[in-house]
Amino acid sequence: SSEMIHVNISGVIQYKMELDLGDKPATSDTELNNLVRNISSAISGGQLIGTDGQFYSMERVDTSTSLDSTTVVVTILSNQGGNDTVQQLLMAEVASVLQQEFPTVTITNRTLDRFDGCSTTETLVPSYQSRNKSLEITIIWPETNLGAIALVECPCGDLNLNSTALIATRECIGDYETGAQWSPPNVSPCNFTDITRTVCGLLQNTSQQRVEELRDITAEAENFEVAEVTVSVAVLVTATEDISGNVTLTENYLDVVDNILQVDERTLQESQETGNTSAILLESIESVTQMLPIPENMTVVVIAQDEFAVAVQEVPDDFSGQSISIDVGVFGNQSINSDSLNFDNTDTMRRPTAEIELPDTLFQSIPALPDSNISQNTTSPRRLAFQVYITDSLFLRRNTA
């Protein structure tokens, strides 16, 4: 026995089209074949206006005995590939030729199906937990060449999740004699829990509402799955820019991060490997920390969570170096609070967990930047932003041993 091999020829697109002969049906199969050949001659070589496409041929493909209608395949030479726009232009162009030269013949189908590929279609993924219709997910399969596999990212509002694990797949199967058809889809990666679907729905809310509701949803995140972590992170960071500079919203934002750090380490590692979630979180934490406002009567602001703390400090123009001490307790019984970080050179901890020495030359090559919130002639104070973690959950790497 031998296996069938599909060979895709680039630059060729074929669509099925239904033609109706109206009140002048053919008197024989031969006459019907001749009519299709005449239509083919009329369109062959013509340009598909609005694309780089050129009509090549029209061929009859149905095997029915009907003489008042027929199914044909229109072949186009094009490097643009097939899509809805090409379909619409194709139907309009053929309809125009028919009206001028074959007025009794009309196109009966409103949309065209690919013959050498699979046309755009949809798959509905209902909620398997609650059957709540408002949580249904629709996966749209793009027009795909015969023999190719369509890869579609699991939808979550208008977000691009960029996760290699959250991909639905579907193969376009068939042959060039009877045409192509879709195989059953694999949408299991997108069969989200109700929590994941609800988090995706938060994108319709304001940034403040988004963060507040995420804080509540992730309050019991210990048993989150990879998809729940990936989507929660993706939705959270959409609010980064809007909440920056607001202490209360930043605290809520960091509450969400702290909740996510309660997730099983293996799940966090897989989420990082497939969706880069840890790196995304670290970057967003740095961003919101840098924008924390510092009251006039203070030189440093600290926000402590269960698993980490962030701080931002103003640095005077006469910076002469600094020793920063960190004390998070003994191993196995670590905790962190606002007193865990010491920024005072004259009051260093006796036996800190860690200590950082900043040289007095640190800012010599870094000019103070204009502060757009004050005036063009005023410079904002230099700042140092810190992050301290008592967990390595955001720094896990694949074990290659």
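That block above? That's the structure.
It should be emphasised that the depicted structure is a prediction, and the values quoted were computed from it without experimental measurement.

So, how was this worked out
Residues numbered from 1 in each chain as written. Predicted model: local features only at pLDDT ≥ 70, side-chain atom pairs only at ≥ 80, totals over all residues. Heavy atoms only, no water. Helix = DSSP H or I, 4+ residues; strand = E, 2+ residues; numbered from the N terminus. Buried < 20%, exposed > 50% of the residue type's maximum accessible area, 1.4 Å probe, protein only. Contact = heavy atoms within 4.5 Å. Areas by Shrake-Rupley, 256 points an atom, 1.4 Å probe, with all protein chains shown as cover. Disulfide = S-S within 2.5 Å. Salt bridge = Lys/Arg side-chain N within 4 Å of Asp/Glu carboxyl O. Phe/Tyr/Trp six-rings, centres within 6.5 Å; stacked < 30°, edge-to-face > 60°. Pairing = 2+ DSSP bridges. Axes fitted to C-alpha atoms, helices over the stretch in contact; angles between N-to-C directions. Parallel < 35°, antiparallel > 145°, perpendicular 65-115°, else oblique. Nonpolar A, V, L, I, M, F, W, Y, C, P; charged D, E, K, R; others polar. Expected span 1.5 Å × (residues − 1). Polar contact = N/O pair within 3.5 Å; in protein donor to acceptor, adjacent residues only side chain to side chain. Core = buried A, V, L, I, M, F, W, Y, C linked by side-chain atoms within 4.5 Å.

### Some words on the overall build of the protein
Item 1. For the protein, the helix and strand inventory stands at nine helices and 18 strands.
Item 2. Relative to its 401 residues, the protein shows a buried fraction of 43%.
Item 3. The contacts of the protein with a sequence gap of at least 6 include a subset with a gap of at least 24, amounting to 65%.
Item 4. Within the structure as shown, the protein displays about 22000 Å² of accessible surface, and the carbon and sulfur contribution to it stands at 46%.

### Re the state of the cysteines
Throughout this description, disulfide means a covalent bond between two cysteine sulfur atoms.
Item 1. Across all of its chains, the model carries three disulfides by this definition.
Item 2. Each sulfur of the disulfide joining Cys 156 and Cys 200 lies 2.1 Å from the other. Residues Cys 156 and Cys 200 are joined by a disulfide whose S-S torsion is about -115°; by sign, that bridge is left-handed. Of this pair, Cys 156 sits in the loop between strand S10 (149-153) and strand S11 (167-175) while Cys 200 sits in helix H3 (residues 194-201), and the two are 44 residues apart along the sequence.

### Some words on the pattern of salt bridges
Item 1. One pass over the full model with this rule turns up six salt bridges.
Item 2. Arg 60 is paired through a salt bridge with Asp 62; the nearest N and O atoms lie 2.9 Å apart. The pair formed by Arg 60 and Asp 62 is uniform in burial state, with each residue classed as buried.
Item 3. If you follow the salt bridges from partner to partner, you end up with Asp 29, Arg 60 and Asp 62 in one network.

### Considerations on the packing of aromatic side chains
Given two aromatic rings, one states the distance between the centres and the angle between the planes to describe the pair.
Item 1. In the structure shown here, the tally under the stated rule is three aromatic pairs.
Item 2. Consider the rings of Trp 141 and Trp 182, whose centres lie 6.2 Å apart with planes at 45°: the pair is tilted. In this pair, Trp 141 sits in strand S8 (residues 137-141) while Trp 182 sits in strand S12 (residues 179-182), placing the two residues 41 residues apart along the sequence. The same class applies to Trp 141 as to Trp 182, namely buried.

### Comments concerning the environment of Leu 268
Item 1. Tracing the backbone shows Leu 268 in helix H8 (residues 265-275).
Item 2. Through-space distance from the C-alpha of Leu 268 to that of Leu 394 is 7.5 Å; in sequence the pair is 126 residues apart.
Item 3. With sequence-adjacent residues up to four places away left out, Leu 268 is seen in contact with Val 229, Ile 260, Leu 261, Val 263, Thr 277, Ser 278 and Ser 393.

### So, the pairing of S8
Item 1. Of the two faces of S8, the one holding Ile 137, Ile 139 and Trp 141 is buried and the one holding Thr 138 and Ile 140 is not buried anywhere.
Item 2. As paired strands, strand S7 (residues 121-125) and S8 are joined by five bridges and run antiparallel to one another. Bridge pairing links Val 125 to Ile 137 in S8.

### As for the packing of H8 against helix H9 (residues 277-290)
Item 1. Packing of H8 against H9 brings their axes to within 6 Å, and their N-to-C directions diverge by 90°. Between H8 and H9, the interaxial angle falls into the category roughly perpendicular. Contacts between H8 and H9 involve Leu 268, Ser 271, Gln 272 and Gly 275 on the former and, on the latter, Thr 277, Ser 278, Ala 279 and Ile 280.
Item 2. Classifying every residue of the contact of H8 with H9 by side-chain character gives three nonpolar, five polar and no charged.

### Points about the side chain of Ser 232
Item 1. Positionally, Ser 232 belongs in helix H5 (residues 226-236).
Item 2. For Ser 232, a relative accessible area of 1% gives the class buried.

### Re H9
Item 1. Compared with an ideal rise of 1.5 Å per residue, which puts 14 residues at 20 Å, H9 spans 20 Å between its outermost C-alpha atoms and is within 8% of the ideal.
Item 2. Buried-residue contacts for H9 involve H5, helix H6 (240-243), helix H7 (247-260), H8, strand S14 (308-315) and strand S18 (382-389).

### Describing the sheet that holds S12
Item 1. The strand order S10-S11-S12 describes an open sheet built from three strands, whose pairing is antiparallel. Only two strands of the sheet have a single neighbouring strand rather than two, namely S10 and S12. Across this sheet, the average inter-strand angle for adjacent strands is 25°, counted without regard to direction.
Item 2. For S11 and S12, the ladder comprises four bridges, and the chain directions are antiparallel. Its bridge partner lying in S12, Cys 172 is registered against Trp 182.

### A look at the packing of H3 against H5
Two quantities define a packed helix pair, namely the angle between the axes and the distance from one axis to the other.
Item 1. Contact geometry for H3 and H5: axes closest at 9 Å, N-to-C directions at 10°. Between H3 and H5, the crossing angle belongs to the class labelled roughly parallel. Together, Ile 195, Thr 196, Val 199 and Cys 200 of H3 and Ala 227, Glu 228, Val 231, Ser 232 and Val 235 of H5 make up the contact between the two elements.
Item 2. Each residue belonging to the contact of H3 with H5 can be placed in one class, and the counts come to six nonpolar, two polar and one charged.

### Description of H7
Residues spaced three or four apart along an α-helix face the same direction, because each turn holds 3.6 residues.
Item 1. In this model H7 runs 20 Å from its N-terminal to its C-terminal C-alpha over 14 residues, within 8% of the 20 Å that 1.5 Å per residue would give.
Item 2. When you tally the buried positions in H7, you get ten out of 14 residues, the bulk of the element.
Item 3. Considered for burial, the residues of H7 that qualify are Leu 249, Thr 250, Asn 252, Tyr 253, Leu 254, Val 256, Val 257, Asp 258, Asn 259 and Ile 260.
Item 4. Sitting at the head of H7, Asn 246 places a side-chain oxygen 3.1 Å from the backbone nitrogen of Thr 248.

### What about the nonpolar core?
Item 1. Counting residues in each nonpolar core, the largest one holds 58 residues, and the members touching the most others are Ile 139, Trp 141, Val 235, Leu 236, Tyr 253, Leu 254 and Val 257.
Item 2. Residue contributions to this core peak at seven residues, all from H5.
Item 3. Ignoring any residue separated from it by four or fewer positions in sequence, one finds Val 235 in contact with Cys 156, Leu 159, Val 199, Cys 200, Leu 202, Leu 203, Arg 210 and Leu 214.

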